[in-house]
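# Chains, contacts and geometry: an overview
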Amino acid sequence: MLLAGVDFAGSSHTVARSLIGVTLLVDGVGGRIVETEAYDRDDPASHTFAGPTARNAVMFGTPAHAYVYRSYGIHWCLNFVCREAGHGAGVLIRALEPTMGIDRMQLRRGLDDPRLLCSGPGRLGQALAIDHGFNGLPLDVPPFLLLAAPTDRPAAEVSEGPRIGISKAIDTPWRFGEAGSRFLSKPFNAGNTPARARDA
DNA sequence: TCCATGATTACCT
DNA sequence: GGTAATCATGGAT
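Calculation rules
- Residues numbered from 1 in each chain as written.
- Chains lettered and ligands numbered in written order.
- Predicted model: local features only at pLDDT ≥ 70, side-chain atom pairs only at ≥ 80, totals over all residues.
- Heavy atoms only, no water.
- Helix = DSSP H or I, 4+ residues; strand = E, 2+ residues; numbered from the N terminus.
- Buried < 20%, exposed > 50% of the residue type's maximum accessible area, 1.4 Å probe, protein only.
- Near = heavy atom within 4 Å.
- Polar contact = N/O pair within 3.5 Å; in protein donor to acceptor, adjacent residues only side chain to side chain.
- Nonpolar A, V, L, I, M, F, W, Y, C, P; charged D, E, K, R; others polar.
- Contact = heavy atoms within 4.5 Å.
- Salt bridge = Lys/Arg side-chain N within 4 Å of Asp/Glu carboxyl O.

Naming follows an unreviewed UniProt entry, where chain A appears as Putative 3-methyladenine DNA glycosylase of Variovorax humicola.

The structure is reproduced here in structure tokens:
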């Protein structure tokens, strides 16, 4: 289950980290993945925590497939299924650095600023025209195309931190991102915490 | 059949 | 900096 240099049979944390730097294209539109989040079966913040349902069935299926869900009744969010078939783990794609089809993304988003095209899971879904019809599609055939990070350049430094927008397991550092990227949905603070104590 | 909830974003002051 | 918008899902009734 190797695709674009990423072993989708691995743990969601490993896959989430490995995906940073991989190029994701949907119908020729997309860019480099700069931010992801891992969700696992025994994870209170995961859609699969309470067991299989009609909505999350895809996450209990074959790895390297797309799991798409509606968020807050407004946004479409894109996840990649990982681990072994039937496990119920996935990786949320949170942000891209736009590289291909930027004009089409600008049209879909109604914006010009490249930094606002894909910096957030809902924005990314709108820019790539993701909807429920993509749920369950395999990632190794069109309209999806995953390209491994270039090997002739050093891999990007990956930051990690707590996940965003969840109410459970909020301290688990399963958010990953390219250090210093301007295309993140939010900056990472790891390493920037002042040394002085904040309380006694 | 009804109701509470959320892996978010945009717009208001 | 705060809050409204908006609806599919899933568990309760």
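To continue, consider unusual backbone geometry. The step from Pro-142 to Pro-143 runs through a cis peptide bond, and the omega angle for that step is 5 degrees. For Pro-143, the position within the fold is in the loop between helix 3 (121-127) and strand 8 (144-147). The backbone of Ala-4 shows a phi angle near 55 degrees, a positive value even though the residue is not glycine. Relative to the helices and strands, Ala-4 is located in the loop between strand 1 (2-3) and strand 2 (6-7). Classification of Ala-4 as buried rests on a relative accessible area of 17%. Even without glycine at this site, Tyr-72 takes up a positive phi of about 55 degrees.

Lining the immediate environment of DNA strand B, one finds 21 residues, of which Tyr-69, His-75, Asn-79, Gly-122 and Gly-165 sit closest. Counting only the atoms of DNA strand B that lie within 4 Å of the protein, the sugar and phosphate share comes to 57%. Between DNA strand B and Ala-45, the relevant distance is 3.4 Å, taken from a base nitrogen to a main-chain nitrogen or oxygen of the residue. Note that a phosphate oxygen of DNA strand B is positioned 3.4 Å from one of the backbone N or O atoms of Pro-121. Secondary-structure elements contributing two or more residues to the surface near DNA strand B are strand 5 (66-71), strand 6 (75-82), strand 7 (89-100) and helix 3. It is helix 3 that contributes the most residues to the surface near DNA strand B, three residues altogether. Of the residues contributing to the surface near DNA strand B, the split by class is nine nonpolar, nine polar and three charged.

Position of Ser-46 relative to the elements: it lies in the loop between strand 4 (29-39) and strand 5. Given the relative accessible area of 6%, Ser-46 is considered buried. Within the local environment of Ser-46, its side chain forms a polar contact with the backbone oxygen of Asp-40, the two atoms lying 3.4 Å apart. Side chain to side chain, Ser-46 and Thr-48 meet in a polar contact 2.8 Å long. Leaving out residues up to four positions away in the same chain, Ser-46 has contacts with Tyr-39, Asp-40 and Met-59.

On to the pattern of salt bridges, then. The tally for this structure, following the rule as stated, stands at nine salt bridges. In this structure, Glu-178 and Arg-32 form a salt bridge, with 2.5 Å as the shortest nitrogen-oxygen distance. Taken together, the residues span a long stretch of sequence, with Glu-178 in strand 10 (residues 175-178) and Arg-32 in strand 4 at a distance of 146 residues. Looking at Arg-32, the relative accessible area reads 22%, which means it is partly exposed. One connected set of salt bridges, linked through shared partners, spans Glu-35, Glu-37, Arg-94 and Arg-175.

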